[in-house]
Amino acid sequence: VLIFTDLDGTLLDHYTYSFDAALPTIDRLQKMGAIIVPNTSKTKAEVIELNERIGLAGAFIIENGAAIIIPKDFLPEKPRGAQWASGFWVVSFAPRRSHWTGLLSKLAADFNGEFEAFSDMDIERICEVTGLSKEDASLASQRQYGEPVLWKSSADRQEAFIQQAKKYGASPLIGGRFVHLCGDTNKGKALLWLVNEYKRQHQRISISSIALGDGKNDIAMLEVAGTAVRIASPAHEPPQLTRETRVITTKGYGPVGWTEALDQLVPPIHNTIKEN
Ligand code: 2M8
Ligand code: MG
Ligand code: MG
């Protein structure tokens, strides 16, 4: 099984970014052969660092589906359309960040003072609005594809901003804290790409997938996965889905809900697990 997981507010606590509550389940799932694929708005630099801390070593999806990063031994062959860059295969689907920061200067004319762009924040300011440490904020600032925008005005104005950005060719996505200006990419398209490539290279007819997420930017992946898990959030409503089957909504927040759902969906098989 391929388990696609959002990070902020899902595997990581919305406020503290702790994943401790999920560690025993992560360990158990990996020993059973499940593959955990982070599918996040975070940057490549952030996920590389987090993977090391969590103990993940497989493929991951960054910046809301903008690119898939694949370690050399994750798949038998070179992934279709991949470029080799700093130790990974990279499959990218989106224009570079400069495209969106350029667009923001146009939007600033109509929405003057109503938003703050990530690229205009220094590290201290990123820490202040996200609660990240300085080290992690600096990894978050290394964006390659999209541009997060902190909305400071009303919800109606935010909707007007999104509509205007769409006219300029963006496909904005709403994360836990930011509106992400990005191209026509999302976590669902990236999930399907990786599932298909995995099936093709392993000559499998089907492979089961589970997606877990807490935010609106997770809707696309939650709609297309074999099973969808809506993770409860202390900060906002769970994402609204159109599908009605194979959907779970957790009681617990973040990593507590993550564990609750996966212990139910992929229960421990006591008699076949080998103790190391
Ligand atoms: C941003 O992403 C989250 C995802 O939900 C958001 O929109 O609130 C990104 O800047 C990411 O790189 C960063 O780590 C995160 C920190 O909260 O915020
Ligand atoms: Mg999230
Ligand atoms: Mg996210």
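In this convention, every chain numbers its residues from 1, walking through the sequence in written order. Here every chain gets a letter starting at A, and every ligand a number starting at 1, in the order they are written. Per-residue local features of the predicted model are confined to residues with pLDDT of at least 70, and side-chain atom pairs are confined, for both listing and counting, to 80 or more; whole-chain, interface and lining totals are unaffected and use all residues. To obtain the side-chain values, all non-hydrogen atoms of the structure were used and water was disregarded.

1. With respect to the overall build of the protein
How we decide: Labels follow the DSSP assignment, with helices taken as runs of H or I lasting at least four residues and strands as runs of E lasting at least two, numbered in each case from the N terminus. Using a 1.4 Å probe on the protein chains alone, a residue whose accessible area is under 20% of its type maximum counts as buried, one over 50% counts as exposed, and one in between counts as partly exposed. Whether two residues touch is decided by their heavy atoms; if any such pair falls within 4.5 Å, the residues are in contact. Shrake-Rupley sampling with a 1.4 Å probe provides the accessible areas, and residues are treated as covered by the protein chains on show and by no other component.
Of the regular secondary structure elements, the protein holds nine helices and 13 strands. On the principal axes, the C-alpha backbone points of the protein span a range of 65 × 40 × 40 Å. Split into buried and exposed, the 276 residues of the protein put 54% on the buried side. When contacts within the protein are restricted to residue pairs at least 6 apart in sequence, those whose partners lie at least 24 apart make up 61%. Of the accessible surface of the protein, which amounts to about 12800 Å², a share of 50% is contributed by carbon and sulfur atoms.

2. Quick look at the sheet that holds strand E4 (residues 67–71)
Filter applied, for reference: For two strands to be treated as a pair, DSSP must find at least two bridges joining them. For every element, the axis is a line fit to its C-alpha atoms; helices are fit only across the contacting stretch, and the angle between N-to-C directions ranges from 0 to 180 degrees.
Spatial ordering of the open sheet is given by E3-E4-E6-E5, a layout of four strands whose pairing is antiparallel. Looking at the sheet topology across the chains shown, the edges are occupied by strand E3 (60–62) and strand E5 (83–85). In this sheet, neighbouring strand axes are inclined to one another by 35 degrees on average, regardless of whether the strands run parallel or antiparallel. Here helix H2 (residues 44–54) sits on the sheet in contact with E3, E4, E5 and strand E6 (88–92), set at roughly 145 degrees to E3. With respect to the sheet, helix H7 (residues 187–202) is in contact with E3, E4 and E6, its orientation differing from that of E4 by roughly 35 degrees.

3. Some words on empty space enclosed by the protein
For clarity, the threshold we go by: In this analysis a 1.4 Å probe is tested at points of a 1 Å grid over the protein atoms alone, and where it fits but cannot get out there is a cavity; an open set with protein on both sides within 12 Å along at least five of seven lines is a pocket; lining residues have an atom within 4 Å of a point. Grid points are joined across faces, edges and corners, and a volume is the space filled by probe spheres set on the points. Asp, Glu, Lys and Arg are counted as charged, while Ala, Val, Leu, Ile, Met, Phe, Trp, Tyr, Cys and Pro are counted as nonpolar; the rest, among them Gly, fall into the polar class. These domain limits were set by an automatic method or by a database of domain assignments.
Tallied over the full model, the rule gives two cavities of 30 Å³ or more. Estimated volume of the largest cavity: approximately 300 Å³. A breakdown of the residues in the lining of the largest cavity according to their chemical character gives six nonpolar, eight polar and nine charged. Both domains that furnish three or more residues to the lining of the largest cavity are identified here as domain 1 (2–93 + 185–265) and domain 2 (97–181). Approximately 30 Å³ is the volume found for the second largest cavity. Around the second largest cavity, the lining residues are Glu63, Asn64, Arg143, Gly146, Glu147, Pro148, His180, Leu181 and Cys182. When contributions to the lining of the second largest cavity are tallied by element, the ones reaching two or more residues are strand E8 (147–151) and strand E10 (179–181). The residue makeup of the lining of the second largest cavity, split by class, is three nonpolar, three polar and three charged.

4. Re the domain arrangement of the protein
Under the convention used in this document: Here the quantity called buried area is the accessible surface, traced with a 1.4 Å probe, that two parts lose on coming together, added over both. Only one rule defines a salt bridge in this text: a Lys or Arg side-chain nitrogen within 4 Å of an Asp or Glu carboxyl oxygen. Think of a polar contact as two N or O atoms within 3.5 Å of one another; within protein, one of them needs to be a possible hydrogen donor and the other a possible acceptor, and neighboring residues in sequence only count if both atoms come from side chains.
We note that the domain assignment places domain 1 (2–93 + 185–265) and domain 2 (97–181) within the protein. Here domain 1 and domain 2 have C-alpha centroids that lie 23 Å from each other. Carbon and sulfur atoms make up 54% of the surface buried where domain 1 meets domain 2, a total of about 1600 Å² over both sides. Contact with domain 2 buries surface across domain 1, with Tyr17, Glu46 and Glu63 losing the most and accounting together for 28% of the total. Between Arg53 and Asp136 there is a salt bridge; the shortest N-O distance is 3.8 Å. Between the two partners, domain 1 and domain 2, sit nine residue pairs in polar contact (both at pLDDT 80 or more). Contributing elements (two or more residues each) for the side of domain 1 that touches domain 2: H2 and E6. Take the side of domain 1 that touches domain 2: its biggest share by element is five residues, from H2. Taken together, the residues that form the side of domain 1 that touches domain 2 break down as seven nonpolar, nine polar and seven charged.

5. So, the sheet that holds strand E1 (residues 2–5)
Hydrogen bonds between backbone atoms are what pair the strands of a sheet, whose relative direction is either parallel or antiparallel. Across the sheet, which stays open at both edges, the five strands sit in the order E2-E1-E11-E12-E13 with parallel pairing between neighbours. Strands at the two margins of the open sheet, each flanked by one partner only, are strand E2 (35–38) and strand E13 (247–253). Taken pair by pair, the neighbouring strands of this sheet meet at an average axis angle of 20 degrees, ignoring direction. Pairing between E1 and strand E11 (residues 209–213): four bridges, direction parallel. When the bridges of E11 are listed, Phe4 appears paired with Ala211. The strands touched by helix H9 (residues 254–265) are E1, E2, E11, strand E12 (227–232) and E13; relative to E13, the strand with the most contacts, the crossing angle is about 135 degrees.

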